[in-house]
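Summary of the model geometry
Residue-level listing of the chains:
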Number of protein chains: 2
Amino acid sequence: MSETTTGRAPGRPRSERADKAILDATLDLLARESGVAGVSMEAVAARAGVGKSTIYRRWPSKEALIVDALGAAKAPLPEPSGASAREDLTEIARALAAERGRRHLQCFWNVLGSAGRYPELYARYKKDIIEPRRAIVRDVLRRGVATGELRADLDIEVAMSMLVGSLTPRRPRETFPEGYAEAVVDALVKGIGSARD
Amino acid sequence: MSETTTGRAPGRPRSERADKAILDATLDLLARESGVAGVSMEAVAARAGVGKSTIYRRWPSKEALIVDALGAAKAPLPEPSGASAREDLTEIARALAAERGRRHLQCFWNVLGSAGRYPELYARYKKDIIEPRRAIVRDVLRRGVATGELRADLDIEVAMSMLVGSLTPRRPRETFPEGYAEAVVDALVKGIGSARD
């Protein structure tokens with residue numbers, strides 16, 4: 001019970017392969033039309049080619065399994081180098097813009113779409129996956145204000161929300177053009193107005 | 001066949017009531033876990049208390065019905081007054097920020113989540129609902145560049161995407177704080193950096 005929820009132990013390649021197959025099967029099922037409702041321990045076990053007990057040994061519930069699968073599907077946000085707010089925001093923006101696999105987006109929308117029916121799942125997703133990422137962006141913005149690179153009157157939540165929102169795909173198969181992440185940070189830092197008022 | 005797809009005729013209140021009940025029933029069904037798959041002419045007719053033929057008289061397919069229902073659920077974007085890019089963007093931002101009914105968001109996510117399975121539905125939704133709204137934002141931005149209020153080197157698509165993205169709810173029951181729409185436009189126009197480079 002002291003294991004992390006992903007439960008990967010070093011030096012156990014067979015078990016790691018099983019974990020990977022389980023998480024992958026979870027995402028395959030979650031991406032389908034049936035969404036969260038179509039994910040069950042039985043279905044995941046069948047698809048991953050493992051016994052149900054192998055799943056239950058690591059994940060006590062389907063909610064825990066889905067949250068870990070979604071977490072594993074997202075590349076971790078880069079550790080900001082701290083060189084400048086602009087460079088840090090650009091690194092983060094590039095990482096966000098790169099998160100556009102079709103399966104991953106379908107999973108994301110399906111979790112959002114069924115949040116009313118699976119509030120615990122959504123709460124865990126938000127706490128374990130969304131919030132830590134938002135915290136990284138907030139820290140970069142706060143440091144930028146502290147160093148004077150960003151406006152002293154900056155609303156951190158608004159700026160964070162604008163960066164993340166600008167880089168969240170809103171359409172299936174949406175592809176951001178080359179240089180989009182950099183252009184977003186540029187527009188955000190400099191503003192789209194022609195002059196300061 | 002020369003009717004518009006919503007097919008509302010003036011002076012026919014009973015038929016208008018039926019239309020409203022049909023569109024409302026469509027959204028109720030679409031917002032459910034089953035999403036697009038759970039919307040059928042039969043289910044809509046039963047829920048709206050009308051005969052299936054009443055629906056087919058106006059909507060030839062479930063895709064057409066869903067797109068009209070989604071269109072009716074969104075308040076039209078305000079016609080920009082043209083006073084200034086900043087004022088126009090603020091009006092639009094307020095309208096976007098106001099679109100946060102829970103049912104509407106569930107419908108939106110369910111349509112996105114099932115775009116792979118219902119590509120025609122998604123294409124119509126994009127063409128009839130998303131694109132006209134984006135066009136309004138682009139026009140405002142282009143006028144702002146033409147008048148010199150916005151930067152001459154502005155990337156219209158990037159700016160449009162940032163405005164819309166910043167105001168698209170990314171979480172169920174997300175509530176934007178009072179003044180959020182105005183703060184987004186302010187940050188977008190002036191930038192979050194402390195000085196122009």
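Treat the numbers as computed from the prediction; the structure is a model and nothing was measured. (Residues numbered from 1 in each chain as written. Chains lettered and ligands numbered in written order. Predicted model: local features only at pLDDT ≥ 70, side-chain atom pairs only at ≥ 80, totals over all residues. Heavy atoms only, no water.)

The next point concerns the overall build of chain A. Helix and strand content of chain A: nine helices and zero strands. From first element to last, N terminus to C terminus, chain A shows the α and β order α-α-α-α-α-α-α-α-α. Looking at the 197 residues of chain A, the share that counts as buried comes to 54%. For chain A, the share of sequence-separated contacts (at least 6 apart) that also reach a separation of at least 24 residues comes to 62%. In the form shown here, chain A has an accessible surface area of approximately 9000 Å², with 53% of it arising from carbon and sulfur atoms. (Helix = DSSP H or I, 4+ residues; strand = E, 2+ residues; numbered from the N terminus. Buried < 20%, exposed > 50% of the residue type's maximum accessible area, 1.4 Å probe, protein only. Contact = heavy atoms within 4.5 Å. Areas by Shrake-Rupley, 256 points an atom, 1.4 Å probe, with all protein chains shown as cover.)

Superposition of chain A onto chain B requires a rotation of 180° combined with a translation of 0.0 Å along the rotation axis, giving an RMSD of 0.0 Å. Both copies of the chain, as the preceding transformation shows, are related through a two-fold rotation axis. The position closest to the rotation axis in chain A is occupied by the C-alpha of A:Gly191, lying 1.7 Å away. Residue by residue, 100% of the interface of chain A is reproduced at the interface of chain B, so both copies engage with the same surface. (Least-squares fit on C-alpha atoms with pLDDT ≥ 70 in both.)

Turning our attention to the pattern of salt bridges. Residues and elements named next belong to chain A. This structure, assessed with the given rule, holds 28 salt bridges over all chains. Glu131 is the partner of Arg138 in a salt bridge, and the nearest nitrogen-oxygen pair spans 3.6 Å. When its relative accessible area of 14% is taken as the criterion, Arg138 is described as buried. What makes Glu131 partly exposed here is its relative accessible area of 24%. Each of the salt bridges in this network shares a partner with another, and the network as a whole consists of Asp24, Asp28, Arg47 and Arg103. (Salt bridge = Lys/Arg side-chain N within 4 Å of Asp/Glu carboxyl O.)

The sites that UniProt annotates as "DNA-binding region" (unreviewed entry) are residues 40-59 of chain A. As annotated, residues 40-59 of chain A comprises 75% helix and 0% strand, and the C-alpha atoms at either end are separated by 12 Å. (UniProt positions renumbered as here; feature names shortened; annotations may be inferred.)

If you look at the biggest cluster of nonpolar residues, it comprises 72 residues, and the most contacted ones within it are A:Ile55, A:Leu70, A:Tyr125, B:Ile55, B:Leu70, B:Val111 and B:Tyr125. Residues A:Leu89, A:Leu154, A:Phe176 and B:Ala159 belong to the second largest nonpolar core, which totals 58 residues. (Core = buried A, V, L, I, M, F, W, Y, C linked by side-chain atoms within 4.5 Å.)

Evaluated as defined, the whole model comprises six aromatic pairs over all chains. An angle of 55° between the planes, with centres 6.4 Å apart, marks the rings of A:Phe108 and A:Tyr125 as tilted. One end of the pair, A:Phe108, is in helix 6 (residues 102-113); the other, A:Tyr125, is in helix 7 (residues 119-147), with 17 residues separating them in the sequence. One exposure class covers both A:Phe108 and A:Tyr125, and it is buried. Where B:Phe176 meets B:Tyr180, the ring centres are 4.4 Å apart and the plane angle is 20°; that geometry is what we call stacked. Feature note: the residues A:Phe108, A:Tyr122 and A:Tyr125 constitute an aromatic cluster, connected by ring pairs. (Phe/Tyr/Trp six-rings, centres within 6.5 Å; stacked < 30°, edge-to-face > 60°.)

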